[in-house]
Amino acid sequence: MKPIYVTQPTLPPLEEFLPYLEKIWDNKILTNGGEFHQQLEQVLCEYLGVKHLSLFTNGTIALITALQALRITGEVITTPYSFVATAHSLLWNGIKPVFVDIDPITLNLDPAKIEAAITPQTTAIMPVHCYGYPCDVERIQQIADNYNLKVIYDAAHAFGVQDKSGGGILNYGDLSVLSFHATKVFNTFEGGAIICPDEKTKRRIDHLKNFGFVDEVTVVAAGINGKMSEINAAFGLLQLKGIDEALGQRKKIDARYREGLKNIAGIRCTNIGEHVANYAYFPIFVEQNRDALYEKLKANGIFGRRYFYPLISDFPMYRALPSAAAANLPVAQKISHEVICLPMYPNLTNEEIDFIISLIIDFSVT
Ligand SMILES: *Cc1c(COP(=O)(O)O)cnc(C)c1O
């Protein structure tokens, strides 16, 4: 059997991409906010139900730029249970990350623990909608308002996620950042975006991603090159046509995994209520011997991933911080030693899912 990885990008038929390429070849506009770039910003705003969106070359540069757009300095409260890029974006801005533990159900920043971590240096909170599960956006906003802090969501996993009333989760906080990396629910090979509520902020972000240029002769900030190219934007336009079908497939896979894994001793699935999910990942939690199951799956060609292990706070550039101490992050530590993300992508077959489930059942009885 061919190896099965934790994710596999959905690619539309190649013929369907060729007309986009022909257009680029005809126009000879390869980047710098061309036609496809403009179109993708517009259709994504409509699809996601957001006011303004600025496309980026990847999610990490978008995170770094989001912090610059709001002139964040000092200390920022964030989660250790995420991909390293979340905290790296702080270090790239000379900001000190302050890690706060996660909630055991949502796996997101625990709002009850945020206040104790606020100091006079704190300027912002950077929560993550981990696995696309929405953060407690209302409580986080309350805390931010009380302490006059900005909120920048790392929404890399949260493409298309709705809040409880059916609005887009990306409308919360001051800014939200998406990633369109190949492994994400919606991809442009590499790519990302910042979502912002007002035109003025969008303009500042657009300047920052283009070296700080406002016009031919005016540079207003030490901006970076964060522009998405026309090829990536064109691919995004094509991908978006198939996104609802892809999300529907993910939902079915999620249901099949849950049914197959529901009564297995020592194995737990998440339980956050399905109305809010985009089924970006399928994490399971293994009470004992997680790594033995991980290796067993691997030996059978199933390449799950231990997202997120190690915790960000355990990497060398973070572990000396007082907030990185294991005793400060007991929930994140425990979850990080139990998690395996199983393969999850639209083209995963029922036979493959059932094979993975059978390996896990077999593991639990031995
Ligand atoms: C993927 C990811 C990023 C980084 O996005 P890139 O587009 O790969 O730079 C940041 N944060 C989280 C939580 C991610 O999963």
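In this text the structure is predicted, and so the values were computed from the model without any measurement.

Q: Run through the sheet that holds strand β11 (residues 267–269), naming residues and quoting values.
A: Hydrogen bonds along the backbone pair up the strands of a sheet, which may run parallel or antiparallel. Spatial ordering of the open sheet is given by β11-β12-β14, a layout of three strands whose pairing is antiparallel. Only two strands of the sheet have a single partner each, and these edge strands are β11 and β14 (339–342). Strand-to-strand twist of the sheet, defined as the mean angle between neighbouring strand axes without regard to direction, takes the value 35°. Note: strand β12 (residues 282–286) against β14, four bridges, orientation antiparallel. Bridge pairing in β14 places Ile 284 opposite Ile 340. Where helix α8 (residues 243–261) meets the sheet, its contacts fall on β11, β12 and β14, and the angle it forms with β12 comes to roughly 20°. Packed on one face of the sheet, helix α9 (residues 290–299) meets β11, β12 and β14 and runs near 25° to β14.

Q: An account of the domain arrangement of the protein chain is requested, with residue identities and associated values reported.
A: It is common to give the size of an interface as the accessible area that goes away when the parts come together. When the domains of the protein chain are assigned, the result is domain 1 (14–241) and domain 2 (243–364). Once you take the C-alpha centre of each, domain 1 and domain 2 turn out to be 25 Å apart. Taken residue by residue, the interface counts 41 residues in domain 1 and 35 residues in domain 2. In total, about 3,100 Å² of surface goes out of reach between domain 1 and domain 2, with carbon and sulfur atoms giving 68% of it. For the pair domain 1 and domain 2, the number of links is zero salt bridges. Where domain 1 touches domain 2, the interface holds 15 residue pairs in polar contact (both at pLDDT 80 or more). At the level of secondary structure, the elements contributing two or more residues to the side of domain 1 that touches domain 2 comprise α4 (85–91), β4 (96–99) and α7 (230–241). Of the residues belonging to the side of domain 1 that touches domain 2, the class tally is 25 nonpolar, nine polar and seven charged.

Q: Report on the environment of Asp 101, specifying residues and quantitative values.
A: As for its position among the elements, Asp 101 is in the loop between β4 and β5 (122–126). A residue is classified by how much of its surface remains accessible, and Asp 101, at 1% relative accessible area, is buried. Linking Asp 101 and Cys 130, residues 29 residues apart in sequence, is a C-alpha distance of 13 Å. Here Val 331 takes part through its backbone nitrogen, which lies 2.8 Å from a polar atom of the side chain of Asp 101.

Definitions and limits used
- Residues numbered from 1 in each chain as written.
- Predicted model: local features only at pLDDT ≥ 70, side-chain atom pairs only at ≥ 80, totals over all residues.
- Heavy atoms only, no water.
- Pairing = 2+ DSSP bridges.
- Helix = DSSP H or I, 4+ residues; strand = E, 2+ residues; numbered from the N terminus.
- Axes fitted to C-alpha atoms, helices over the stretch in contact; angles between N-to-C directions.
- Contact = heavy atoms within 4.5 Å.
- Domains from an automatic or database assignment.
- Buried area = accessible area lost by both parts, 1.4 Å probe.
- Salt bridge = Lys/Arg side-chain N within 4 Å of Asp/Glu carboxyl O.
- Polar contact = N/O pair within 3.5 Å; in protein donor to acceptor, adjacent residues only side chain to side chain.
- Nonpolar A, V, L, I, M, F, W, Y, C, P; charged D, E, K, R; others polar.
- Buried < 20%, exposed > 50% of the residue type's maximum accessible area, 1.4 Å probe, protein only.

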